Amino acid sequence: MNCEEAVKLMDGYLDGELDPITSQTIEQHLLECPKCDQAYKIHGSLIRAIGNASPYYEAPAELRERIQSSLRDEIAKLPTRSISREPQPLFPRRQPRPRAILWEASWNWLALAAAIIFAAVIAFTLVPRLQRPGADQFLATQLIASHVRSLMADHLTDVASSDQHTVKPWLDTKLDFAAPVPDLSGDGFPLVGGRLDYLDNHSAAALVYQRRKHFINLFIWPPTSGDSTAQTMVEREGYHLVHWSDGDFTYWAVSDVNPGDLQNFKQLFEQQAARH
Ligand SMILES: [Zn+2]
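Residues numbered from 1 in each chain as written. Predicted model: local features only at pLDDT ≥ 70, side-chain atom pairs only at ≥ 80, totals over all residues. Heavy atoms only, no water.

Visitor: What should I look at first to understand the overall build of the chain in this one?
Guide: Summing up its helical and strand segments, the chain has eight helices and seven strands in all. In the structure as shown, the chain presents an accessible area of about 16400 Å², 55% of it carried by carbon and sulfur atoms. (Helix = DSSP H or I, 4+ residues; strand = E, 2+ residues; numbered from the N terminus. Areas by Shrake-Rupley, 256 points an atom, 1.4 Å probe, with all protein chains shown as cover.)

Visitor: Hey, could you run me through empty space enclosed by the protein in this one?
Guide: The rolling of a water-molecule-sized probe over the atoms marks out the regions of remaining empty space. Applying the stated rule across the entire model yields two cavities of 30 Å³ or more. Within this model, the second largest cavity holds a volume of roughly 30 Å³. For the second largest cavity, the full set of lining residues is Lys 35, Gln 38, Ala 39, Ile 42, Ala 145, Val 148, Arg 149 and Met 152. Among the secondary structure elements, those contributing two or more residues to the lining of the second largest cavity are α3 (34-53) and α6 (134-152). Classifying every residue of the lining of the second largest cavity gives five nonpolar, one polar and two charged. (1 Å grid on protein atoms, 1.4 Å probe; cavity = no way out; pocket = protein on both sides within 12 Å on 5 of 7 lines; lining within 4 Å. Points joined across faces, edges and corners; volume = space filled by probe spheres on them. Nonpolar A, V, L, I, M, F, W, Y, C, P; charged D, E, K, R; others polar.)

Visitor: What's the story with unusual backbone geometry in this structure? I'm lost.
Guide: Most peptide bonds are trans, and most residues other than glycine sit at a negative phi. Of note, Asn 201 is a non-glycine position whose phi angle comes to about 70°, a positive value. Take Asn 201: it is sitting in the loop between β2 (191-199) and β3 (202-211). Taking the relative accessible area as the measure of exposure, Asn 201 reaches 67% and is therefore exposed. (Buried < 20%, exposed > 50% of the residue type's maximum accessible area, 1.4 Å probe, protein only.)

Visitor: What's the story with the layout of surface pockets in this structure? I'm lost.
Guide: Estimates place the volume of the largest pocket at around 900 Å³. Elements with a minimum of two residues in the lining of the largest pocket: α1 (3-14), α3, α6 and β2. Of the residues assigned to the lining of the largest pocket, the class counts are eleven nonpolar, seven polar and eight charged.

Visitor: Got a minute to help me understand the environment of Leu 262 in this structure?
Guide: Within the fold, Leu 262 resides in helix α8 (residues 259-275). Expressed as a C-alpha distance, the spacing of Leu 262 and Arg 211, which sit 51 residues apart in the sequence, is 9.1 Å. In this structure Leu 262 touches Ile 216, His 240, Leu 241, Val 242, Ala 253, Ser 255 and Val 257, once residues within four positions along its chain are discounted. (Contact = heavy atoms within 4.5 Å.)

Visitor: Mind showing me how you'd approach the sheet that holds strand β5 (residues 232-236) here?
Guide: Strand pairing in a sheet is mediated by backbone hydrogen bonds. Such pairs are either parallel or antiparallel. Judged by pairing direction, the sheet is antiparallel, and its seven strands sit side by side in the order β1-β2-β3-β4-β7-β6-β5 without closing on themselves. Here the strands that pair on one side only, and so sit at the sheet edges, are β1 (159-160) and β5. Where β3 meets strand β4 (residues 214-221), seven bridges bridge the pair, whose relative direction is antiparallel. Bridge pairing links Arg 211 to His 214 in β4. Along the sheet, helix α7 (residues 164-174) makes contact with β1, β2 and β3, crossing β2 at roughly 15°. On top of the sheet, α8 reaches β3, β4, β5, β6 (239-245) and β7 (250-255); it is set at about 25° to β6, its chief contact. (Pairing = 2+ DSSP bridges. Axes fitted to C-alpha atoms, helices over the stretch in contact; angles between N-to-C directions.)

Visitor: Explain the nonpolar core here, please?
Guide: Where a protein is soluble and globular, its nonpolar side chains tend to be buried together. If you look at the biggest cluster of nonpolar residues, it comprises 43 residues, and the most contacted ones within it are Tyr 209, Phe 265 and Phe 269. Setting aside its immediate chain neighbours within four residues, Phe 265 contacts Leu 184, Phe 189, Tyr 209, Ile 216, Leu 218 and Ala 253. By size, the runner-up hydrophobic cluster in this structure holds seven residues, among which are Met 10, Tyr 13, Ile 26 and Leu 30. (Core = buried A, V, L, I, M, F, W, Y, C linked by side-chain atoms within 4.5 Å.)

Visitor: Even after reading the chapter, I still don't get the coordination of the zinc ion, so can you show me in this structure?
Guide: Octahedral metals with six donors have ideal donor angles of 90 or 180 degrees. Tetrahedral metals with four donors have an ideal donor angle of 109.5 degrees. Coordination sphere of the zinc ion, protein contribution only: Cys 3 (SG), His 29 (NE2), Cys 33 (SG) and Cys 36 (SG), at 2.1 to 2.3 Å. Summarised as a motif, the one-chain spacing of the donors to the zinc ion is C-x25-H-x3-C-x2-C. The pair His 29 / Cys 36 is uniform in exposure class, with both members buried. (Donors = N, O, S within 2.8 Å, 3.2 Å for Na, K, Ca; no water.)

Visitor: Looking at this structure, I do not really get the pattern of salt bridges. What am I missing?
Guide: Counting across every chain of the model gives six salt bridges. Put simply, Asp 37 and Lys 41 hold a salt bridge, and the shortest N to O gap is 2.7 Å. Of this pair, Asp 37 and Lys 41 both sit in helix α3, four residues apart, which is roughly one turn of the helix. Where Glu 270 meets Lys 266, a salt bridge forms, and the shortest distance between an N and an O atom there is 3.5 Å. Here Glu 270 pairs with Lys 266, and both are found in helix α8, just four residues apart, close to one helical turn. (Salt bridge = Lys/Arg side-chain N within 4 Å of Asp/Glu carboxyl O.)

Visitor: Can you help me understand the pairing of β6 in this one?
Guide: Each regular strand carries side chains that alternate between the two faces of the sheet. Of all seven residues in β6, six are buried, a share of seventy percent or more. Judged from the five bridges that link them, β5 and β6 form a sheet pairing that is antiparallel. Residue pairing across strands places Val 234 opposite Leu 241, the latter belonging to β6. Connecting β5 to the next strand, β6, in antiparallel fashion are two residues, including Glu 237 with a positive phi near 55°. Connecting β6 to the antiparallel partner β7 that follows it, the hairpin turn spans four residues, and Gly 247 within it adopts a positive phi of roughly 90°.

The following block contains the structure:
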């Protein structure tokens, strides 16, 4: 198994969805490949972090009161005998009919009430879990993995230059979009170079800026239908991620610089990019 195959199968492996032989092959690869092992560990701890942070919504007291009061109303409408406390036969005999029918009717009604309550509980607990921004979380994992890889594998840049006029044309010829490459050296964020990357099934430009001894990977691609437009700042595994978009491009900056510096970088980049 090579790294590409391992990365492809990693989600299935983390979710325990692979057959034993494939799982074993991945395990073997992780033992032999520090790069994939690192990605696996980051991804695994992200999944745990997301799992722990997933929101749990309690049904509001008002809803509980509404269900209880409609239950009381419906019970009040039932014939009194149907809710008698007399022990009921488990398998009512065919004769005599009347009690069996009433018992059945009230049982059906209780089953319906239970279904309504069940649906309400599902609506208030499960739905927000399903709506959590899973796509963004997964993307964040990929972005951090790419950032870590670029620093670990000695592959920070494809074109190493502090000159925007070298980096930009190089990227423009390799990509089918023209990403802005502003010069932020005057603001303490010198350009280091650029790199091609592949994220979330599309090509991306990765610009590398420096802040003192830290590197910032800025990933840029034209907006896709799956991109969220909300600005976000998240922290994962000691890395900070800032996301924004300007209509022309989606941006994700990843770094281990402090959040203030990263936010500052984002603002400077936006100002400079808007000028061009
Ligand atoms: Zn590998």
